[in-house]
Amino acid sequence: PSQNSSITHTAPVIDKSSISKPKSKAYYAIKSKPREDRSPSPKVPVPHITLAARQELWVIWKSDPRVPTIASRHAWAASRNVSPFRVDHWFGARKSKAKKVGQPISN
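Residues numbered from 1 in each chain as written. Predicted model: local features only at pLDDT ≥ 70, side-chain atom pairs only at ≥ 80, totals over all residues. Heavy atoms only, no water.

A. Just the packing of aromatic side chains, in detail. Counted according to the given criterion, the structure contains 3 aromatic pairs. When the centroid spacing of 5.2 Å and the interplanar angle of 85 degrees are considered together, the rings of Trp58 and Trp90 count as edge-to-face. With Trp58 in helix α2 (residues 51-63) and Trp90 in helix α4 (residues 84-101), this pair connects stretches of sequence that are 32 residues apart. Residue Trp58 is classed as partly exposed on the basis of its relative accessible area, which comes to 34%. Classification of Trp90 by relative accessible area gives buried; the value is 7%. Taking 6.3 Å as the distance between ring centres and 55 degrees as the angle between the ring planes, the aromatic pair formed by Trp61 and Phe91 counts as tilted. One end of the pair, Trp61, is in helix α2; the other, Phe91, is in helix α4, and 30 residues separate them in sequence. What links up through ring pairs into an aromatic cluster is the set Trp58, Trp61, Trp90 and Phe91. The aromatic ring of Trp90 is capped on one face by Arg94, whose charged end is 4.6 Å from the ring centroid. (Phe/Tyr/Trp six-rings, centres within 6.5 Å; stacked < 30°, edge-to-face > 60°. Helix = DSSP H or I, 4+ residues; strand = E, 2+ residues; numbered from the N terminus. Buried < 20%, exposed > 50% of the residue type's maximum accessible area, 1.4 Å probe, protein only. Lys NZ or Arg CZ within 6 Å of the ring centre and 35° of its normal.)

As structure tokens, then:
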């Protein structure tokens, strides 16, 4: 290796005002205000579809095997006091089973 005497190495300059001073023990001993209770909220069970509503869904599916729009499914559920989540799931399950057996589903 060639030696070049014109290169000098200097230590980097550190601005000491930017270094934070260590915190006192009292700083770490202070606890912040307790946050509101973080326990998970109790799960509210979603009621199952009643037998009458399920029979009505089957009549709808057999007359026209397709998945209705979200708006119409939710309107149907609201008019019968049934969970829209359950109605969505019911139609999703029918669609999945129809695909498995190769049944055509209209749009």
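Text resumes after the structure shown.
B. Fine view of α4. For α4, which comprises 18 residues, the first-to-last C-alpha distance of 26 Å matches the rise-based estimate of 26 Å (1.5 Å per residue) to within 8%. Looking at the buried positions of α4, the neighbouring elements they touch are α2 and α3 (70-79). (Expected span 1.5 Å × (residues − 1). Contact = heavy atoms within 4.5 Å.)

C. The environment of Trp58, seen in detail. Note: C-alpha distance between Trp58 and Phe91 (33 residues apart in sequence) is 9.7 Å. The residues contacting Trp58, other than those within four sequence positions of it, are Trp90 and Arg94.

D. Region of the structure containing the packing of α2 against α4. Where α2 contacts α4, the two axes come as close as 12 Å, and the packing angle between them is 45 degrees. Between α2 and α4, the angle falls in the class oblique. Our pair here, α2 against α4, has a crossing hand that is right-handed. Of α4, the residues touching α2 (which contributes Arg54, Leu57, Trp58, Ile60 and Trp61) are Val87, Trp90, Phe91, Arg94, Lys95 and Ala98. (Axes fitted to C-alpha atoms, helices over the stretch in contact; angles between N-to-C directions. Parallel < 35°, antiparallel > 145°, perpendicular 65-115°, else oblique. Left-handed = near helix turned anticlockwise from the far one by under 90°.)

E. Expanded view of the confidence of the model for the chain. Across the chain, the average pLDDT comes to 82, with 74% of residues at 70 or higher. Within the chain, the lowest mean pLDDT, 68, falls on helix α1 (residues 25-29), and the highest, 95, falls on α2. (pLDDT = per-residue confidence, 0-100.)

F. Examining the pattern of salt bridges more closely. Tallied over the full model, the rule gives 3 salt bridges. Among the ionic pairs, Glu56 bridges to Arg80, the shortest N-O distance being 2.7 Å. Here the residue Glu56 occupies a position in helix α2, and Arg80 occupies one in the loop between α3 and α4, the gap between them amounting to 24 residues. Since its relative accessible area comes to 31%, Glu56 is described here as partly exposed. Accessibility expressed as a relative area gives 34% for Arg80, which makes it partly exposed. A salt bridge links Asp64 to Arg66; the nearest nitrogen and oxygen atoms lie 2.7 Å apart. Residue classification places Asp64 among the partly exposed residues on the basis of a relative accessible area of 32%. (Salt bridge = Lys/Arg side-chain N within 4 Å of Asp/Glu carboxyl O.)

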